[in-house]
Each structure stands twice: as C-alpha cells, then as structure tokens.
Amino acid sequence: MPPADGPPTDKFRILAVDGGGIRGLISALVLGKLEYRIQELTNNEGARLSDYFHLFAGTSTGGLIALSLTAPDAGITAEDLYLLYTEDGPEIFNRSLARRLATMDGWRGPKYSPDALRMAIEKRLGNPRLKSALRDLVVTSYDMSGREPYFFKRWRARESPDRDAPFVDAALATAAAPTYFPSHAYEGRALVDGGVFAMNPVIAGITEALKRRGDPPANLSSDDLLIVSVGTGTYETGYSQSEAEGWGKLGWIGADGDDPPLLGAVFGGSAEAADHWAHMLLNYPNGGGLPDPQNVGRGPLFFRWQATLPSPVAMDDVSDETLTHVLPAAANELNVSREAEVDEVAKRVTAAGPLPADPA
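None of the values given here were measured: they were computed from a predicted structure. (Residues numbered from 1 in each chain as written. Predicted model: local features only at pLDDT ≥ 70, side-chain atom pairs only at ≥ 80, totals over all residues. Heavy atoms only, no water.)

Participant: Please clarify how the pattern of salt bridges should be interpreted in this entry.
Facilitator: Opposite charge on two side chains lets them pair, provided their charged atoms get close. Within the structure shown, the criterion is met by 18 salt bridges. Between Asp136 and Arg154 there is a salt bridge whose closest N-O contact spans 3.2 Å. Highlighted residues: Asp136 in strand E3 (residues 136-143) and Arg154 in helix H7 (residues 154-159), separated in sequence by 18 residues. Here Arg154 falls in the buried class, since its relative accessible area comes to 2%. Across the salt bridge formed by Glu341 and Arg298, the nearest N and O atoms sit 2.3 Å from each other. Note that Glu341 is positioned in helix H15 (residues 339-352) and Arg298 in the loop between helix H13 (261-282) and strand E8 (302-305), a separation of 43 residues in sequence. (Salt bridge = Lys/Arg side-chain N within 4 Å of Asp/Glu carboxyl O. Helix = DSSP H or I, 4+ residues; strand = E, 2+ residues; numbered from the N terminus. Buried < 20%, exposed > 50% of the residue type's maximum accessible area, 1.4 Å probe, protein only.)

This is the structure:
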C-alpha cells in the first residue's frame, strides 16, 4: 500500500506489458511516449527505458516487447518497436492458401507458422541469451507437458546454464497463443502463451521483486516499488445469456472477426483481475474498502495504462486500417488522457537516476 510516512522511494522499478498480438502496437506507441519524455527531461536522446527500470515483465506480445527493450547490442528503442508491428506484423500473421487448406482455416491446426516470427526476432534482436539481457526479465509461458507455468528469467539463466535460453526461444514460447501458433518445443516442454494464466504479468513482476534476496536492490517491501503496467487495448464484447448458454465446443472457440470467446474470457479476465490485485496491494490503504473503479491504476505506486478500442480488434488483424488508424488513434488517445501520469513517472524515474550497467 502507499507509504504512510513519506513519498514513494521508487527503489525498484518495474515495467510490465500485456499480451494481445498485433495490439501490442498500442503498447509500443505508449512506451515510445514515456521514453521520449525521459529523453527530454535528461536532455539525452540516447536514454532508454532499460536505463531506468530494473525489471521487465511480459506476456506474449508483451514478452516480445520486454525482450526487445532488454536485448544487448540491438539498440532497440521504444519507438523502434513500431516497426516490429507495422513492418513485420503482416508477415507474421500471414497464411498461404496451402496452410489454410491444410489446417482447415485453423480448425485442424494452428492458423500460422512461427517461421516469420522467428525471422523477425532474429533480424531485429540477433540471438542473445537470457543471461546477457540488459535488465532482469520475467517472460511468461505455460508448459502443456508439465501442466504448470514456465518463466524465462534472467536471474535463473545466470544461476544455471540449463535456464539460459536464447531470446528467440523465449519469444516463440510466450507468443504461442492457442489456435494461432503451435506450441514451442524447449527442453522437453511444450510451451504456449503465458496469457492462459497471466495475460497481464504485473503480479509476476511484483512477486519477483519481493523475492529478491541477492542482487541489490534486495529485501524489498511493496512500498519500495514503482510499477508501470501497459495494456494492449480493450473492447468489451459482451454475450447475452441466451447466446452463451447454448455454446458447445464450436461456440466457445469460434470467432467472427474477433478473438474466440474462450480466449477472450481467459485473457481478458486474467488481465483485469491482475489490475485489481496490483492496485489493492500497492495503491490502496488497508481497510479502505472497495476502490473507485475510475481510480484503479492511477498511482502512486502502481500505474495502469490501458487504451479503449472503438471496436473489437483480433490479435491477428493486420489490415491497413488497423495498423495505420485504429491502433495508433487508440494509443494517442491514451497518451493524451494519461499525459500527467506519463510525466509523473518520467520525472520520478529520472530523479532516481539511471541504473548502472549490469555486467553479465
């Protein structure tokens, strides 16, 4: 909860990014705004988010962003992430006629091959390993073999060579959304998108921070945290009881220009729940009762930035209209409405000062 005896310490700073496929373009543009404001305040065009945040947590497309922002030698800026979506997105979410026929348009197999995603990651990031990441990382996935969450973490990679995965493996695992991409084979596991349990990875980031006992800053309390959690846009597609009560398998996994209802419920529900939990843990005083929904994620320790979409946007919608108008407009609206918070976060992280280089 907020510190009662003084201003926040901002001792440990976390950036968490949701999953959401192509909608990650919103997150890229929002983070570009934050990075630009940090550059203005420091009068340093070379300032990067990785200079000011200790830990990057990501799920699915958010995992790709976390990996990109912490990739050594790649020189990726938050603004550069725009190209991952606008240039590579149409290739990543592209199906040949042969694949459409072989998978029966996704009914008998994953809609997309992971080959284009692999190529995009290797082209933009190279192929570093987790232990060389610029900052601590938590990238989520779920192991269908062991039926348990599996996390790609930098500290684990430095602790054990067995956990030192290439960035591309972490990327392919966290992005393997059911029905969209095949599960990713890694070390005998069948890994899929961590969004099945943590679409919004903010709680994973908080947990990692509070577990720190070795590398400083360690032995943290919740009062020491400053967290920015960025969503990928939301549009509430509701279904009436008369619609949902009759769904069988086809109803739950079918889609008509939107994500399947089952994935929407799993992904959206987990993301919204994580917002509430993080707010209650960090922003709300004990015994304060229920928070006003309008104030959830508005600081002082936990900031949640989520855009509202004018209509549903499927995770694989790479139409020109979506990439050039719908998603940029949603990001711009969010940047304008949360400008004061972006400014506050930028001022607080720059006041804390850049982090020292973290040797591998």
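Participant: Explanation requested: the packing of aromatic side chains in the structure shown.
Facilitator: Two measures describe an aromatic ring pair: the distance that separates the ring centres and the angle between the ring planes. Applying the stated criterion across every chain, the model contains 8 aromatic pairs. Ring geometry for Phe152 against Tyr186: centres 5.8 Å apart, planes inclined by 50°, an arrangement best described as tilted. Within this pair, whereas Phe152 is found in strand E4 (residues 148-153), its partner Tyr186 is found in strand E5 (residues 184-186), the two being separated by 34 residues in sequence. Cluster of aromatic residues (ring-pair linked, three or more members): Phe93, Tyr112 and Phe181. (Phe/Tyr/Trp six-rings, centres within 6.5 Å; stacked < 30°, edge-to-face > 60°.)

Participant: Sorry if this is basic, but what is going on with unusual backbone geometry here?
Facilitator: Excluding glycine, residues mostly have negative phi values, and the peptide bonds linking residues are mostly trans. Cis geometry is adopted by the peptide bond preceding Pro217, which originates at Pro216 and carries an omega value of -5°. Secondary-structure assignment places Pro217 in the loop between helix H10 (202-211) and strand E7 (225-230). Unusually for a residue other than glycine, Asn43 sits at a positive phi of about 55°. Here Asn43 shows up in the loop between helix H1 (24-42) and strand E2 (55-58). On the basis of relative accessible area, Asn43 is assigned to the exposed category, the value being 73%. Unlike most non-glycine residues, Ser60 shows phi in positive territory, near 55°. Relative to the assigned elements, Ser60 resides in the loop between E2 and helix H2 (61-69).

Participant: Just checking my understanding: could you explain the side chain of Arg13 for this structure?
Facilitator: Tracing the backbone shows Arg13 in strand E1 (residues 12-17). Buried within the structure, Arg13 lacks any salt-bridge partner; its nearest side chain of opposite charge belongs to Asp10, at an N-O separation of 6.5 Å. At 2.6 Å, the side chain of Arg13 and the backbone oxygen of Asp10 are in polar contact. Among all residues touching Arg13, those that are not within four sequence positions of it are Tyr52, Phe53, His54, Leu55, Leu226, Val349, Ala352, Gly353 and Leu355. (Lys, Arg positive; Asp, Glu negative; His and termini not counted. Polar contact = N/O pair within 3.5 Å; in protein donor to acceptor, adjacent residues only side chain to side chain. Contact = heavy atoms within 4.5 Å.)

Participant: What should I look at first to understand helix H8 (residues 167-174) in this one?
Facilitator: Residue pairs three or four apart in sequence face the same way in an α-helix, which turns once every 3.6 residues. The buried fraction of H8 amounts to 8 of the 8 residues, a majority that puts the element mostly inside the structure. Restricting attention to buried positions, one finds in H8 the residues Phe167, Val168, Asp169, Ala170, Ala171, Leu172, Ala173 and Thr174.

Participant: For this particular structure, what's the right way to read the packing of H1 against H2?
Facilitator: In a pair of packed helices, the angle between the axes and the distance between the axes together describe the arrangement. Following both chains from N to C, one finds H1 and H2 inclined at 35°, their axes separated by 9 Å at the closest point. As H1 packs across H2, the resulting crossing turns out to be right-handed. Note on element contacts: H2 touches H1 through Thr61, Ile65 and Leu69, opposite Gly24, Ser27, Ala28 and Leu31. Among the residues forming the contact of H1 with H2, the class breakdown is 4 nonpolar, 3 polar and no charged. (Axes fitted to C-alpha atoms, helices over the stretch in contact; angles between N-to-C directions. Left-handed = near helix turned anticlockwise from the far one by under 90°. Nonpolar A, V, L, I, M, F, W, Y, C, P; charged D, E, K, R; others polar.)

Participant: Explanation requested: the nonpolar core in the structure shown.
Facilitator: The tendency in soluble globular proteins is for nonpolar side chains to be buried side by side. Counting 73 residues, the largest nonpolar core has Leu49, Phe53, Phe152 and Trp305 as the members making the most contacts within it. At 7 residues, H1 tops the list of elements feeding residues into this core. Excluding residues within four positions of it along the chain, Trp305 makes contact with Val30, Leu34, Val228, Ser229, Val230, Gly231, Leu334, Arg338, Glu341, Val342 and Val345. Grouped together as the second largest cluster of nonpolar side chains are 18 residues, Ala57, Ala204, Ile206 and Ala274 included. (Core = buried A, V, L, I, M, F, W, Y, C linked by side-chain atoms within 4.5 Å.)

Participant: Sorry if this is basic, but what is going on with the pairing of E7 here?
Facilitator: Every regular strand shows the same layout, with side chains that alternate between the two sheet faces. Within E7, 6 of the 6 residues are buried, leaving the element largely enclosed by the surrounding structure. Both faces of E7 are covered, namely the face carrying Leu225, Ile227 and Ser229 and the face carrying Leu226, Val228 and Val230. As judged from the 6 bridges shared by E1 and E7, these two strands associate in the parallel manner. Bridge pairing in E7 places Ile14 opposite Ile227. Of the strand pairs in this sheet, E7 and E8 are connected by 4 bridges, and their pairing is parallel. Bridge pairing in E8 links Val228 to Phe303. (Pairing = 2+ DSSP bridges.)

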